[in-house]
Structures are given as structure tokens and as C-alpha cells.
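Fold and geometry: a report
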Amino acid sequence: MPGGGAGRDGIPRSRGGGARVREGAGPAAAPSVPGPPAAAATAPGKKITARLKRTLPVRGPQAPTLSELMRWYCLNTNTHGCRRIVVSRGRLRRLLWILLTLSAVGLILWQCAELLMNYYSASVSVTVQFQKLPFPAVTICNINPYKYSAMKEYLSELDKETKKALETFYGFSEGKTKVRRSVDEWNSTGSDFFQQIPLLKVEDFSRTATDLHSGQKRKIEGSVFHKDSSIVNSGDSNDIIGFQLCDANNSSECALYTFSSGVNAIQEWYKLHYMNIMAQIPLETKEKLSYSADDLLLTCFFDGLSCDKRHFTRFHHPLHGNCYTFNSGENGTVLSTSTGGSEYGLQVVLYIDEADYNPFLVTSTGAKIIVHDQNEYPFIEDIGTEIETAAATSIGMHFTRSRKLSKPYSDCTETGADIPVENLYNKSYSLQICLHSCFQKAMVDSCGCAQYAQPLPVGAEYCNYKKNPNWMYCYYRLHEKFVKEQLGCQQICKDACSFKEWALTTSIAQWPSTVSEDWMLRVLSWDKGQKLNKKLNKTDLANLMVFYKDLNERFISENPANTLVILLSNFGGQLGLWMSCSVVCVIEIVEVFFIDSLSIVMRRQWQKAKKWWNDRKRAGPGKPPQAGDVERQGHDNPVCIDEDLPTFNTALRLPLPQDSPLPRTPPPNYSTLRLETAFTEQLPDTLELGPH
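Since the structure is predicted, the reported quantities are computational estimates derived from the model, not experimental observations.

Considerations on the sheet that holds strand β4 (residues 137–142)
The strand order across the open sheet formed by five strands is β13-β14-β4-β17-β18, and the pairing between neighbours is antiparallel. The open sheet is flanked by β13 (312–317) and β18 (385–387), the only strands paired with a single partner. Shown here is a sheet whose adjacent strand axes are inclined to one another by a mean of 30°, direction ignored. Inspection of the sheet shows β4 paired to strand β17 (residues 367–372) by six bridges, in the antiparallel sense. When the sheet's bridge partners are listed, Ala137 is paired in β17 with His372.

See the structure below:
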């Protein structure tokens, strides 16, 4: 039927209300065509479902496709990285944000996994470690550097003059009563030693002194230096003696060095001449004149096992002669110990041989030892420990390893490579090595020769009277500047950043005891008798024990209070607390406020410069302005003379150009008004059901 439609049950009916099928109609009535029974049964449920869909809000995804859903999430999430991936312009910038975001996600997953593994880890580990400490190098020297019996031929004249000085000054000599010797009798023999360094007797701290050699009085010129710790003399003022050093090139340049004790004055005077003599003797000869390992060492035990001279390394010290280092590591092997206590350290018995001592050079008996690292030089004259004879000296050690931070935390050096001082000792850098090397270099530069107590620089030789008659005066002047820190060595040299230290605790006991003295000396004499052919005396022996008191190694290190991690953590805490900002947020701020802002400013400046250049070209001489110049300036409206672009509201209020047609609304496209259904057939729930 025209104008008819299908009802909810699928029966065609007239739009104008055609015939309906009623109950009880006669046979002449047209039979009704029933719809499908399943559709008729479920039709009310579908109708309710359709009404619910129209009335309730949608609770599902915000976009119909996955790509649009991801885009919606990135635009609305608080995760800055995902949003920057979507809104960034350009493939390179978008790729960078993708890499940054994925890296951040990976770091988060990694850290969270570590935290979870640590949280759920219930294992307990117990570590038991038996520590072995490396045993240090132990250097042993006899206090007397050379055998006096072997050195007599080199020191006979010096010893003779020293005895004469003692006889003249104090009125006594060896094996005789106290009888003063006249000055005239002394002058008849002559003396080169007193002419080079004259001994003087200072009278009541005045500027007048008496020459002990010539007996003449002289006026003191130049400076007076008191070498003792105290210049107060408890006795008669006549006991104050000293010696005078003068510049060989200028006799008026002199310095007087006085001593409150005659013992110190005689010893210092003797040492100056002694070093001058020893500097002229070859090294091979001096090694033969000093003590050998067989002479010095009687017995040796280490860690409960016997040792001998093969475990000692010899090196020659200028002031102490032949010294011997145990566990020097020269062969590449460093001994270690796993047990503390005196029985498991180094035990040696030393033969001192007091009878062969130089009576004027040394006034004490015994040996000197120093504990040091294998790579360190043993400055035994500075920090050596003296052990006495007829005693057992026990030295307990505590090992400490220290490390300091270099610049900018402290002014230390790692290897000494940054110190402009040549290392003369061929050992690892230390502050003492630097100071001694610096002084030796200044000695060579100022005096033309090297000081005897320190190693020789390349191309230099030791000072002596024959070649360098002025070296003593130069040495004392230079040493005075060094002590007063005027030489610059203390400013150049720095502490080492890492070093090892052994804290020593010394105890002394009588050895051998009275009850064991007889048999011990007999046994030691029998062991040594084949070479000595005499009975040993306990004053010629010294017992030394060096051991770890415990195996606790103490490590002291400096750590920076503020590191980069702590700095970033503090910054992150402040940004998160006050601005709810993260690293990605900081990168976003840098991108927007620095990179993008800078590019915009540069682009505007470039446009202004380009416009200025175009205006200058058009305003050239002889070129009339053209009518189309205004339109080519970037604005269609000549009334807009502002440099800034118009906004939407201001553009609506601008007058139109005179020569341009008025804008009109285009006619509608009527083909777009055609209504088309999205479904091929009518939905069942839109059909109206007829009365039953």
C-alpha cells in the first residue's frame, strides 16, 4: 500500500490508520499474517536495552579505535613524556621524546625489579674471613756507619786535630792527666782543618772571639747563629764555642755558629770535615769499609721459620753506611703473616761491635731501624728508631692505610707527577722525598755541587774542599733559608694522597738475663767464633723483634659530603615538593622556554632583518614606490600598520580594502542536505506493535 509501512511485528499497515484485525471478526475478514515467534517474544527486552543505551552515559573507551584512544590518553595524561610525543612537531623531536620516555620507563622497571627482589629476598649471608696482612719492609743500620779500624787511614789527620782541639780547649788527652796544651806548641804543627773551619771561643756573647788554633782575638763579623735548642749556658760563658764560616769569594761575608755545649760544637765541626773526606771516596770502597750482612746479623727468624742474609737486601746510605732491608720485595715477592704476636714476626740478633766505633762521629751504641713500605725510601736519619745493646727491643705494629681526596677537596698529589721537582730516590712519591730532592736541586744550582747526605742529581758531584772551597758557607746559608721556608720547597711539595703507616709501640727488656747470660753468650760465640775468634760481650749484642700486635687493618678514607647523586636527589626533592616536577618535566621546560623560545625570537629577528633589507632595497635612489608594495608587506589591509599580527577580534573590526569585493556567504550545497540512513533495513525495535 502506498504510504504504508511495516509494524513492529513485521505486518504492513497503512500510515493513515488502515484496517486492523480484531478479535472475533467474521470469516469475511482478512486473516492476519503472524510474525516470527522468536522476534515477537524478545521484542520487549530489546526495546528496554535500546532505551537504556539512550539514557545512561557511556562508560567504555573514549575513542572508537586504539590509535585514537592512545592519542586521547597522551593528550590528557599527567605523564609529560607521552604528551610531548603527541604534541611535538617534527620527526626528530618526536623521536627524541620517544627515546627519552622509553629510557625512563626502562629505568623505572629496572629499579622496581631490584626493589622487589631485595624486598622478597629472605636469605642471610655470613662471611668469615681470615685476613693475612703484608709484612712491611724493615731496614736495619748500625749507628756506626763504617768500621773505625778500616777508616783510620782516611781519618787519621782529622782525628789527630780533633784530639789536639780537645786538649787545648779542655786540657786533657787520652790516657793522660788534665794538662792544657799551649797554643804555640799547636801552631808549630800546622792544621788545614782549622784553617778551613776555625774553632772559636766566644767571650760573654760579645762580638769578640778567640781563635783556638792561633790564640788570636778577632772581631766577629756577620750573623751569629745558635745551633742548640737553648742558648742559655748553665756554666761559665767561656765554655761557649763555635766555628766561623766565611764566603771564599768575599771574606767579609761570614757567619758564626755557636753551641752552648762543647760536645755539640766538636761533633758538628767533625761531621763537616768527615763529609768532605767521604765525598772523595768511591762508593765501591765505602761499601767495603762498612759492615757486611755476616758482620751485622747473628740469628734470624720470621713467622716461626729460620731466615738468613738471603732475605735481606743491602743498600748504601751516605750517613749510615751499609744498611739491610728485610722483605724489600726486590725479587717481586712480599712476605705476609696470618698470625699476630711476637713469635710470628721478625726476630733478629744483631752484632754491634762497639769496640770498632768511631769515637768522634757517634756517641751512642746500638742500631737504627725503620719500618716502611716496599716502595718507600727509608729515611732512617729522620724517623729511624734506635735500639740499644744488651736489651731485647719489641716493636708492635698497627697497620693503617689512608687515602685522601685530591683537588678540589685537598691539596695533595696522587703520584707526584704534577710536582715540578725531580725525584732523586727512584721510589714512590712522598713529602720527604720531594723536600730532600728540592733542597738538593737548590744546592746544586746555588753552590755548584751536591750535599753528601742526599742522592746525586744527574751530572752533579758531591761537594769537597778541593773543587768547591765555598760549599760549607753556601750549604749553611741555604739550609737556613730552607728551615725558614724561604727556599720555596715547602710551597711546591705536597702531601701524598694515599700512603701506608705502621704505628709502632716499643718496649725494652734486659737481655740476656743474668741467669741465661753465660750459656747464651757461649753459644753465640761458638756460632760466630769461627770468624771472630773471641768471646762475645752482651754490650755488643742487640735483640730485635718486630711483629703485628693484631691483624686489624684500619683503612681511613675521605669521601665527599656532596656528590652528584646527592645534588640531583636534593634538586629532585625540591622540585617534586614545590612544583610536582620530574626530570621529564625539566626537559620539557628546557625545550619550551629555551629551545622553542629562542627559535621564535631568532625567527622574528630574522623576519625583521629581512623586512628591513627589502624596504631598504625598495627605498633605493631613483626607484619610485609601487602600488603593490603595501600588499607584499604581509598585510592585505593597509590600515593595519601595527607590526604584530591582528587577532580574530581585531580583524573583524578592520575596514575592508577599497578595491576588493565584499565577502559573501557561499550558497549551500544542497546535495549535502540529502538524508541517508546508516542502516540497510529498519531496526526491529523501531517498529510499532499492533494491538493483539
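Okay, back to it.
Points about the nonpolar core
Counting residues in hydrophobic clusters, the biggest one holds 91 residues, and the most contacted among them are Phe135, Ile140, Phe243, Leu346, Leu350, Trp471 and Val546. Among the elements that make up this core, the one with the highest residue count is helix α8 (residues 262–278) (nine residues). Beyond its immediate stretch of four places on either side in the chain, Ile140 contacts Leu296, Phe312, Cys323, Tyr324, Val348, Leu350, Lys368, Ile369 and Leu544. In terms of nonpolar packing, the next biggest core, distinct from the first, is built from 11 residues, Val349, Met520, Met545 and Phe547 among them.

Here we look at the pattern of salt bridges
Evaluated as defined, the whole model comprises 18 salt bridges. One salt bridge connects Lys309 with Asp294, and the closest N-O pair in it is separated by 3.3 Å. In this pair, Lys309 sits in the loop between β12 (305–306) and β13 while Asp294 sits in helix α10 (residues 293–296), placing the two residues 15 residues apart along the sequence. The class of Asp294 is partly exposed, set by a relative accessible area of 30%. Between Asp373 and Lys500 there is a salt bridge whose closest N-O contact spans 3.4 Å. Here Lys500 lies in strand β22 (residues 498–510) and Asp373 lies in the loop between β17 and α11 (380–383), a separation of 127 residues in the sequence.

A look at the packing of helix α3 (residues 80–87) against helix α17 (residues 583–618)
For the pair α3 and α17, the least separation of the axes is 9 Å and the interaxial angle reads 35°. Contacts between α3 and α17 involve His80, Gly81 and Arg84 on the former and, on the latter, Val584, Cys585, Glu588, Glu591 and Val592.

So, the confidence of the model for the chain
For the chain, mean pLDDT is 76; residues scoring 70 or higher make up 69% of the total. Note that pLDDT drops below 50 for residues 1–40; the model gives that stretch 34 contacts with residues more than four away or on any other chain. Below pLDDT 50 for its whole length, residues 175–190 participates in 32 contacts with residues either more than four positions away or in separate chains.

Thoughts on the state of the cysteines
For the structure shown, the criterion picks out seven disulfides. The disulfide partner of Cys434 is Cys493, and the S-S distance across this bridge is 2.0 Å. An S-S torsion of about -85° defines the bridge between Cys434 and Cys493 as left-handed. Here Cys434, found in helix α12 (residues 431–447), pairs with Cys493, found in the loop between α14 (489–492) and β21 (495–496); they are 59 residues apart in sequence, far enough to count as distant. Each of the two residues, Cys434 as well as Cys493, counts as buried. Shown here is the disulfide that connects Cys447 with Cys474, its sulfur atoms set 1.8 Å apart. Taking the torsion about the sulfur-sulfur bond, which here is approximately -85°, the covalent link between Cys447 and Cys474 counts as left-handed. Here the residue Cys447 occupies a position in helix α12, and Cys474 occupies one in helix α13 (residues 471–483), the gap between them amounting to 27 residues. Of the residues examined, Cys447 reaches a relative accessible area of 14% and is grouped as buried. With a relative accessible area of 15%, Cys474 lands in the buried category.

Cut-offs and rules
- Residues numbered from 1 in each chain as written.
- Predicted model: local features only at pLDDT ≥ 70, side-chain atom pairs only at ≥ 80, totals over all residues.
- Heavy atoms only, no water.
- Pairing = 2+ DSSP bridges.
- Helix = DSSP H or I, 4+ residues; strand = E, 2+ residues; numbered from the N terminus.
- Axes fitted to C-alpha atoms, helices over the stretch in contact; angles between N-to-C directions.
- Core = buried A, V, L, I, M, F, W, Y, C linked by side-chain atoms within 4.5 Å.
- Buried < 20%, exposed > 50% of the residue type's maximum accessible area, 1.4 Å probe, protein only.
- Contact = heavy atoms within 4.5 Å.
- Salt bridge = Lys/Arg side-chain N within 4 Å of Asp/Glu carboxyl O.
- pLDDT = per-residue confidence, 0-100.
- Disulfide = S-S within 2.5 Å.

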